[in-house]
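# A structural walkthrough
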Amino acid sequence: MSRRVLVLAHTGREDSLRAAWDACGQLHTSGLVPVMQKSELDDIERFYGIVDKPIEILHEDVRLEDVELGMVLGGDGTILRAAELVRNVDVPLLGVNLGHVGFLAESERADLAQTVEWIASREYTVEERMTIDVQVWVRGQKIWHTWALNEAAIEKAERERMIEVVTEVDERPLTSFGCDGVVMATPTGSTAYAFSSGGPVVWPEVEALVIVPISAHALFAKPLVVSPRSKLAVEILTRTDAQGVLWCDGRRSVDLPPGARVEVTRSSQSVRLARTHQTPFSARLVRKFELPIHGWRGPAPRSSEIHTGPIPVVRTLKPSALPTPQDVRSGGAADPTKEM
């Protein structure tokens, strides 16, 4: 049975078109069947001419359910777009970074040929990434229902006016304040918008939800990490007529009038990301953010590997005796140099 790999690319960029062209050729050479969306294949053909490689068209020649893997060529935005496409069919995504940081990507453009080899030899693992379920309520009516892999971000709609909000955890109010917005994120999203707003970095295997105020005018408006079973909510207060807007993964949005309520819970559906390296998350942080680690000497050796001489014994004077009431009455005191 043929093994099919869906190639997803940001075809609005020349380097992405070239990467998609190269990827399809390398997949075919490795015995795999490249699959593309018709619109993206049309973009490539407008740029390079008629493609002479056998490429199947998604939804015409092959169903999404018959695809083994999605190979995403681009930055984190392209991966988020791809996640929308494959989330309901559990097709894992493997990102090849063509952007800047590319935190969700697994490899870089220079590693494209090697990445194809790893896919062909099935040298990859798949990890589940937690997503969130997002609902918007206005006057008791649910007006919007969506999901997010990174975050649900409430922002002020007008640049010159902040919004007034009250935050809530597990159906209990926490605090109210004026702000530019509030980010409710997953561990995956903790290195995205929430991170740039001053939130904590959460390791992907940690199951948690994060809530981060943006430019809050309050003493107690700190980033919080809560249980994945918690229910987060943010209400736009009616103290002013300032409007808000909700963005999910920076791709889907809805307006928030005063009185609107946004509820966030853990979703039952995850997004699957393919990994070709078993690299610790700390190493990924260092590489992606170019963190300074000069001077690091590594962990201390284990005690069984340490060979030292006997531990020296340091002798000290015994503590002197405290004066007794009789010594005080007689004007004498205990001799501090006299051993007990």
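Above this note sits the structure.
Here is a short report on the structure shown in this document.

Here is what the cut-offs are and how they apply
- Residues numbered from 1 in each chain as written.
- Predicted model: local features only at pLDDT ≥ 70, side-chain atom pairs only at ≥ 80, totals over all residues.
- Heavy atoms only, no water.
- Phe/Tyr/Trp six-rings, centres within 6.5 Å; stacked < 30°, edge-to-face > 60°.
- Helix = DSSP H or I, 4+ residues; strand = E, 2+ residues; numbered from the N terminus.
- Buried < 20%, exposed > 50% of the residue type's maximum accessible area, 1.4 Å probe, protein only.
- Pairing = 2+ DSSP bridges.
- Axes fitted to C-alpha atoms, helices over the stretch in contact; angles between N-to-C directions.

### Some details on the packing of aromatic side chains
Given two aromatic rings, their pairing is described by the distance between the two centres and the angle made by the two planes. Summed over the entire model, instances satisfying the criterion amount to 4 aromatic pairs. Relative to phenylalanine 289, the ring of phenylalanine 103 has its centre 5.3 Å away and its plane inclined at 40°; by these criteria the two rings are tilted. Taken as a pair, phenylalanine 103 in the loop between β5 (93-97) and β6 (107-108) and phenylalanine 289 in helix α6 (residues 281-289) lie far apart in primary sequence, 186 residues in all. Note on phenylalanine 103: relative accessible area 7%, which makes it buried. Using a relative accessible area of 25% as the deciding quantity, one classes phenylalanine 289 as partly exposed. On the numbers, 4.8 Å between centres and 70° between planes, the contact of tryptophan 203 with phenylalanine 281 is edge-to-face. Here tryptophan 203 is found in the loop between α5 (193-196) and β14 (209-214), whereas its partner phenylalanine 281 is found in helix α6, with 78 residues between them in sequence. Relative accessible area serves as the criterion here: at 32%, tryptophan 203 is assigned to the partly exposed category.

### As for the sheet that holds strand β18 (residues 252-256)
Across the sheet, 6 strands lie side by side as β15-β14-β13-β10-β17-β18; this open sheet has antiparallel pairing. Since the sheet does not close on itself, it has two edges, and those belong to β15 (224-226) and β18, each with one partner. Geometrically, the sheet is characterised by an average inter-axis angle of 15° between neighbouring strands, direction not taken into account. The pairing of strand β17 (residues 244-248) with β18 spans 5 bridges and is antiparallel. Bridge pairing links cysteine 248 to arginine 252 in β18.

### Some words on the sheet that holds strand β8 (residues 132-138)
The 6 strands are arranged β9-β8-β19-β16-β11-β12 in an open sheet whose pairing can be described as antiparallel. Only two strands of the sheet have a single partner each, and these edge strands are β9 (141-148) and β12 (172-179). This sheet shows a mean twist of 20° between the axes of neighbouring strands, independent of strand direction. Pairing between strand β16 (residues 232-236) and strand β19 (residues 261-266): 4 bridges, direction antiparallel. Counterpart to valine 234 in the pairing with β19 is valine 262.

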